[in-house]
Amino acid sequence: MFNFLYCFEESYNTQAYCSIMSLLDHSREKVNLFILHNNVNSFNDYEQLVIKHEHLNSLEVFQFDENNINFPSNFKNSHLNVNAIYYRLFIEDYLPKNIEFILYVDSDAYFIKDYHSKLIEEIAKLEKGKRTLSAQTGHKITKVDNRLNLKSGKFLNSGILLINYKLWIKNKCTFNFSKMLNERKADFDWHDQDILSIFFDGDYEELDESLNFNIYGKQRLDLDLYEKIDNDAIIVHYSGKFKPWSPKGIFAMDSIYYHQIYRKLFNNKYHIVNVWTPNTLRVLLKNILNLKVFKLEYPFEYVKILLKSLFKN
C-alpha cells in the first residue's frame, strides 16, 4: 500500500486539499495519507471530505510542534513566509516507524494521470540503489555559483521526494537536519532544498521527470509544453513564482490543470488568492484594457471573483 506525505500551513489548505483529491482520484487502490500541519483545526472541514474518498485507507494529521527548532527568518526566495517549508525534514518525529517508503508531495503539485506503475518502478529503483532519497535535480551548480560548496554540483528540487524511510531513520536524517538548522553554518537561501542538497550532495536517485514535471511560467506560451505534459507528466508541479491561483498566474495557459481540479471540488470557476497590493489592481486593469481577460474561459467570473477578493482585503 502506498504512503503519501504533505506538509503545509493553513493558508495553503485549499491548494493542498485539491492536490490530495487529485492524488486519490488517480489512485487504483487505497492509500495512506499523512499530513504535518501548523494548525490542524483549520483543516477539519477538508479532512471530513477527504476521509469519504473511496481510495483512502487512512489519514493522520499531525500538529507540528515548532518549539525548540531554530527556524531561519530569511524567506527572501520563497513565496511563503512560513516555517512549514522545513516540516518535511522532521518526519521522523511524527510518522510511524513501520513505513518503508513514502512519497512527499508539495501542496502546489497535482496528479493528472494514474501514477501506480511509475511509482512502483521508482520505489524498486530506490530500493535497488540502497539510497535514502529519490529527487529530481533542479539544476547543476557551476564553480562560480557553488555557494554551498557541493562536490556533486547537483542542487535538488524538494517538491516531490520519494523517501526510503527505513534508511532515513537509520541515517538519523531528522537529527542531522535539526543540527544543521541550529548550527547554521550557511545561509539557507533556498531553505529545505539547501539543507537537503548539502546533506545528500548528489547521493540520491534521480526521480523520473513525470513525477515532478515542473512548470515555471516562462514556458507558458510554448505549445510543445502542453503536448509534453499530455504525453509524459503524471504530477504537474507549479514551482514557479506565479501560482495558478494568483491574479496574474491565472493568465498562464498552464494554470488550467489546477483549475480543472478546483472546479470539480468547488462551486467557483477560479480560485484567486489575493494578497492586496496596488499591483493587483494594475494587473486587473491592464488585462481588461488589452482584452487579455477575454482569452480566459470565464472572463466575467474572473473579474467578479478578483474584485470580491480585493474587497475582502
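This text follows the structure it describes.
Residues numbered from 1 in each chain as written. Predicted model: local features only at pLDDT ≥ 70, side-chain atom pairs only at ≥ 80, totals over all residues. Heavy atoms only, no water.

*Asks:* How would you sum up the nonpolar core? Please name residues and give values.
*Replies:* Residues F4 and L33 are the most contacted members of the largest nonpolar core, which totals 49 residues. Per element, the largest residue contribution to this core is seven residues, and it comes from helix α1 (residues 13-25). With sequence-adjacent residues up to four places away left out, F4 is seen in contact with L23, V31, N32, L33, F34, I102, L103, V105, F111, Y115 and L119. In this structure, C7, L36, F90 and I91 belong to the second largest nonpolar core, which totals 36 residues. (Core = buried A, V, L, I, M, F, W, Y, C linked by side-chain atoms within 4.5 Å. Buried < 20%, exposed > 50% of the residue type's maximum accessible area, 1.4 Å probe, protein only. Helix = DSSP H or I, 4+ residues; strand = E, 2+ residues; numbered from the N terminus. Contact = heavy atoms within 4.5 Å.)

*Asks:* So what's going on with the pattern of salt bridges? Which residues, and what values?
*Replies:* This model, assessed by the stated rule, comprises 14 salt bridges. Two residues, R88 and D106, come together in a salt bridge whose shortest N-O distance is 3.4 Å. Taken together, the positions of R88 in the loop between β3 (56-63) and β4 (101-105) and D106 in the loop between β4 and β5 (109-111) put the pair 18 residues apart, joining distant regions of the chain. Each member of the pair, R88 as well as D106, carries the same accessibility label: buried. Here the salt bridges share partners, and the residues they tie into one network are R88, D106 and D192. (Salt bridge = Lys/Arg side-chain N within 4 Å of Asp/Glu carboxyl O.)

*Asks:* I'd like a description of the sheet that holds strand β9 (residues 213-214), backed by residues and values.
*Replies:* Taken together, three strands build an open sheet; the order of strands is β5-β10-β9 and the sheet is mixed. At either margin of the open sheet sits one strand with a lone partner, and together these are β5 and β9. (Pairing = 2+ DSSP bridges.)

*Asks:* Explain a positive patch on the surface residue by residue, including any values.
*Replies:* A cluster of like positive charges, contributed by K241, K248, K286, K292 and K295, occupies part of the molecular surface. Inspection of the secondary structure puts K295 in the loop between α9 (278-289) and α10 (299-312). (Patch = residues over 30% accessible without salt bridge, like charges linked within 9 Å, V, L, I, M, F, W, Y side chains within 5 Å. Areas by Shrake-Rupley, 256 points an atom, 1.4 Å probe, with all protein chains shown as cover. Lys, Arg positive; Asp, Glu negative; His and termini not counted. Charge placed at Lys NZ, Arg CZ, Asp CG, Glu CD.)

*Asks:* Tell me about the environment of Y6, residues and numbers included.
*Replies:* Here Y6 lies in strand β1 (residues 3-8). What makes Y6 buried here is its relative accessible area of 0%. Put simply, Y6 and V61 are 55 residues apart on the chain and 9.4 Å apart in space, counted from C-alpha to C-alpha. Polar contacts involving the side chain of Y6 include one to the side chain of S19, which spans 2.8 Å. (Polar contact = N/O pair within 3.5 Å; in protein donor to acceptor, adjacent residues only side chain to side chain.)

*Asks:* Report on a nonpolar patch on the surface, specifying residues and quantitative values.
*Replies:* A contiguous nonpolar surface patch, about 370 Å² in accessible area, is contributed by L291, F294 and F300. Along the polypeptide, F300 turns up in helix α10.

*Asks:* Tell me about the pairing of β3, and please be specific about residues and values.
*Replies:* Looking at chain direction, strand β2 (residues 31-37) and β3 are connected through seven bridges and run parallel. Within the sheet, the bridge partner assigned to H37 lies in β3 and is Q63. For the handedness criterion, the β-α-β arrangement of β2, helix α2 (residues 44-50) and β3 is classed as right-handed. (Right-handed = clockwise from strand over helix to strand, strands pointing away.)

*Asks:* Help me get a handle on the packing of aromatic side chains, residues and values and all.
*Replies:* Across all of its chains, the model carries 27 aromatic pairs by this definition. Taken together, F8, Y12, Y17, F43, Y46, Y110, Y238, W245, Y258, Y262 and F266 form an aromatic cluster joined through their ring pairs. For K154, the ring lying beneath its charged end belongs to Y204, and the centroid distance is 4.7 Å. Its guanidinium or amino end placed over the ring of Y298, K269 lies 4.5 Å from that ring's centre, counting from NZ or CZ. (Phe/Tyr/Trp six-rings, centres within 6.5 Å; stacked < 30°, edge-to-face > 60°. Lys NZ or Arg CZ within 6 Å of the ring centre and 35° of its normal.)

*Asks:* Quick one: what's the story with unusual backbone geometry, residue by residue and with numbers?
*Replies:* For K130, which is not a glycine, the phi torsion comes out positive at approximately 55 degrees. In this fold, K130 is placed in the loop between α3 (116-129) and β6 (133-140). In the Ramachandran plot, K172 falls in the positive-phi region, its phi being about 55 degrees despite a non-glycine side chain.

*Asks:* Go over the packing of α1 against helix α8 (residues 256-265), please, and point to the residues and values.
*Replies:* In the contact formed by α1 and α8, the axes pass within 10 Å of each other and the chain directions differ by 90 degrees. When the interaxial angle is binned, α1 and α8 end up roughly perpendicular. Contacts between α1 and α8 involve T14, Q15, Y17, C18, M21, S22 and D25 on the former and, on the latter, Y258, I261, Y262, K264 and L265. Taken together, the residues of the contact of α1 with α8 break down into seven nonpolar, three polar and two charged. (Axes fitted to C-alpha atoms, helices over the stretch in contact; angles between N-to-C directions. Parallel < 35°, antiparallel > 145°, perpendicular 65-115°, else oblique. Nonpolar A, V, L, I, M, F, W, Y, C, P; charged D, E, K, R; others polar.)

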